[in-house]
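Structural overview
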Amino acid sequence: MAILMVSVCAGTSCHLLGNQAIVDVLENMPPSLQKQVKFGYTSCLGDCGEGPCVTIGDKVLKHASPERVLDMIKEELAAKK
Amino acid sequence: MSILSARIASGLLKRNVSLEQVFATIADTLPTCKVRNLAYSTLSILRIKPNGDCHLIEYDNPLLLRLKQGKIAPINRKKREIAGKETFESWFRIEPEDLLVLFSDGVLNAGVGGLYRLGLGYHGVINSVIDWADDYDYAQPIAERLIEVVDACYLGRIGDDSTSVIIKPRHPRTAVLLTGPPASAADDREVVAKFLNYQNAERIVCGGATGNLVARELKREIKTSLQYEDPSVPPTATIQGIDLVTEGILTLNKSLSKLKSGGEEWRKEPRADGATLLCQALTRADRLIMLVGTAVNPAHEEFMSSLQLLTRTEVVARLQEVLSQMDKEVIIEKY
Ligand code: FES
């Protein structure tokens with residue numbers, strides 16, 4: 001099973017724009033998702049004005065919210081199958 | 001009284017007043033016993049030149065100890081009367097790895113009549129300090145431990161006041177800090193190359209975009225830590241070959257307030273958030289070169305004022321002030 005890489009931007013702007021809420025939701029994903037996803041932080045992605053930014057696989061999600069991150073993870077996982 | 005005298009002495013020495021004159025100035029202010037007309041203050045003044053040459057004047061204090069490779073290296077002293085006081089004067093040289101120990105008689109007499117019949121004594125001091133000299137590469141903890149021992153000898157009760165100064169000479173340490181991308185992207189390469197050219201210095205990068213820049217030039221990966229050690233400071237990162245990589249604006253502002261707070265918790269803080277690590281790195285250095293990029297990130301402007309954050313150039317200028325007060329040489333170069 002291929003693992004989906006998720007990186008939350010930990011740069012100045014994304015930190016202030018609430019990246020922690022996204023990390024919280026990633027830490028508390030249902031076990032079925034946790035098995036397929038690996039997440040961490042990344043340094044500034046260069047889209048500071050549009051944060052919080054998260055990379056999911058090879059896509060960058062701007063203006064990310066916890067819900068949108070989860071939705072996109074599910075979409076990406078479905079597309080991979 | 002002793003703190004005031006030390007302040008006066010160091011102020012005069014900084015202005016290149018001779019050691020004899022400094023001694024005479026302080027000696028004149030020493031209180032004397034009204035009944036017996038005897039001075040009941042004691043005094044040691046030591047001047048160390050950058051090349052290691054030392055000039056010492058001691059008056060009624062326990063004699064300074066010099067240790068070389070864990071052994072006592074005696075000092076040649078001559079009696080000399082200065083400002084009407086019988087003093088010992090000596091000239092000698094210290095080298096890296098030597099250890100100088102100065103202390104007041106409160107240390108020598110610690111535990112007298114209690115734990116030790118005659119007090120801690122020279123041997124007690126020497127044995128303690130020799131053991132610790134190898135454990136630490138800087139002097140502060142050795143002095144702290146000596147005073148802890150003294151406190152224990154007095155069984156934590158108030159006895160005589162005790163002072164100890166430990167000097168462990170070393171070569172000056174340089175740190176170079178790169179923060180912020182240059183105003184013109186065309187200068188990126190040159191500034192990063194300049195930063196990387198510092199070989200015998202601790203190399204610090206503050207800023208996400210700056211970290212990316214350095215990683216790109218080094219063709220190495222930048223890995224952001226998985227941990228928020230302190231929720232108010234974004235995590236640090238690592239780039240192979242760079243000693244410390246932190247986020248920029250928030251970490252710099254937090255470090256400034258830590259350094260300005262006067263508290264010293266961050267020195268021992270086990271929590272390794274970026275601001276704590278940066279404070280430790282900045283204060284480890286004797287000489288600091290700050291390469292400051294002046295490009296402005298438009299996304300930062302919105303929150304800078306509402307969060308009362310200082311801009312990169314402002315915070316760096318304040319850091320220069322604070323660190324200069326700690327007797328460090330700080331050079332700022334802007335790009
Ligand atoms: S801080 Fe996240 S994109 Fe710059």
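Sequence order as written defines residue numbering, which begins from 1 separately in each chain. Chain labels run from A onward and ligand labels from 1 onward, assigned in the order the entries are written. At least 70 in pLDDT is required for a residue's local features to be given in this predicted model, at least 80 for side-chain atom pairs to be given and counted, and no such filter applies to totals for whole chains, interfaces and linings, which use all residues. Where side-chain values are given, they derive from all heavy atoms of the structure, hydrogens and water being excluded.

Here the focus is the domain arrangement of chain B. Segmentation of the chain into domains, including their bounds, is taken from an automatic or database domain assignment. In terms of domain boundaries, chain B breaks down into domain 1 (2-167) and domain 2 (174-334). Here domain 1 of chain B and domain 2 of chain B have C-alpha centroids that lie 38 Å from each other.

With that settled, the discussion passes to the sheet that holds strand β7 (residues 99-103) of chain B. Residue and element names in this part refer to chain B. On the basis of which strands lie adjacent, the open sheet formed by four strands has the order β4-β3-β7-β8 and antiparallel pairing. Each edge of the sheet is formed by a strand with only one pairing partner; in this case those strands are β4 (71-72) and β8 (164-167). Its contacts with the sheet place helix α4 (residues 121-133) against β3 (65-68), β4 and β7, and it is angled at close to 140 degrees to β7. Packing against the sheet, helix α5 (residues 140-153) makes contact with β7 and β8, and its axis sits at approximately 150 degrees to β8. We call two strands paired when DSSP finds no fewer than two bridges between them. Strands here are runs of E lasting at least two residues and helices are runs of H or I lasting at least four, both read from the DSSP assignment and numbered beginning at the N terminus. Here, two residues are considered to be in contact whenever any of their heavy atoms come within 4.5 Å of each other. Where helices are involved, their axes are fitted lines through C-alpha atoms of the stretch in contact, as for all axes, and angles between N-to-C directions lie from 0 to 180°.

Another aspect to go through is the pattern of salt bridges. Residue and element names in this part refer to chain B. The working definition used for a salt bridge is a side-chain nitrogen of Lys or Arg within 4 Å of a carboxyl oxygen of Asp or Glu. What the rule picks out here adds up to 18 salt bridges over all chains. R93 is the partner of D53 in a salt bridge, and the nearest nitrogen-oxygen pair spans 3.0 Å. Separated by 40 residues along the polypeptide, D53 in strand β2 (residues 53-59) and R93 in strand β6 (residues 85-93) bring together distant segments of the chain. Given a relative accessible area of 32%, D53 falls into the partly exposed group. Residue class for R93 comes out partly exposed when judged on its relative accessible area of 40%. The salt bridge partner of D230 is K254, with a shortest N-O separation of 3.8 Å. Here D230 is found in the loop between β11 (223-224) and β12 (237-238), whereas its partner K254 is found in helix α8 (residues 249-260), with 24 residues between them in sequence. Only protein chains enter the accessibility calculation, which uses a 1.4 Å probe; a residue is then buried when its area is under 20% of its type maximum, exposed when over 50%, and partly exposed in between.

A few words on the nonpolar core. Residues and elements named next belong to chain B. Core analysis: the largest hydrophobic core is formed by 24 residues, its most contacted members being I204, L259, L278, L282, L319 and L323. Where this core is concerned, the elements lending two or more residues are β9 (174-179), β10 (201-206), α8, α10 (274-284), β14 (287-292) and α12 (312-325). What L319 contacts, discounting residues up to four positions off in sequence, is L252, L256, L259, L282 and M290. V107, V125, A133 and I166 belong to the second largest nonpolar core, which has 22 residues in total. In this description, a nonpolar core means a group of buried Ala, Val, Leu, Ile, Met, Phe, Trp, Tyr and Cys residues linked to one another through side-chain atoms lying within 4.5 Å.

Residue and element names in this part refer to chain A. One way to put it is that helix α2 (residues 19-27) packs onto helix α4 (residues 66-80) with a least axis distance of 9 Å and a crossing angle of 45 degrees. Judged by the inter-axis angle, α2 sits oblique to α4. Where α2 crosses over α4, the handedness of that crossing is right-handed. The residues of α4 that touch α2, namely those facing A21, I22, V25 and L26, are P66, V69, L70 and I73. Tallied by class, residues from the contact of α2 with α4 come to eight nonpolar, no polar and no charged. Angular relationships are summarised with four words: roughly parallel below 35 degrees, roughly antiparallel beyond 145, roughly perpendicular across 65 to 115, and oblique for the angles in between. Here a crossing is called left-handed whenever its near helix is offset anticlockwise from the far helix by less than a right angle, and right-handed whenever the offset is clockwise. Asp, Glu, Lys and Arg are counted as charged, while Ala, Val, Leu, Ile, Met, Phe, Trp, Tyr, Cys and Pro are counted as nonpolar; the rest, among them Gly, fall into the polar class.

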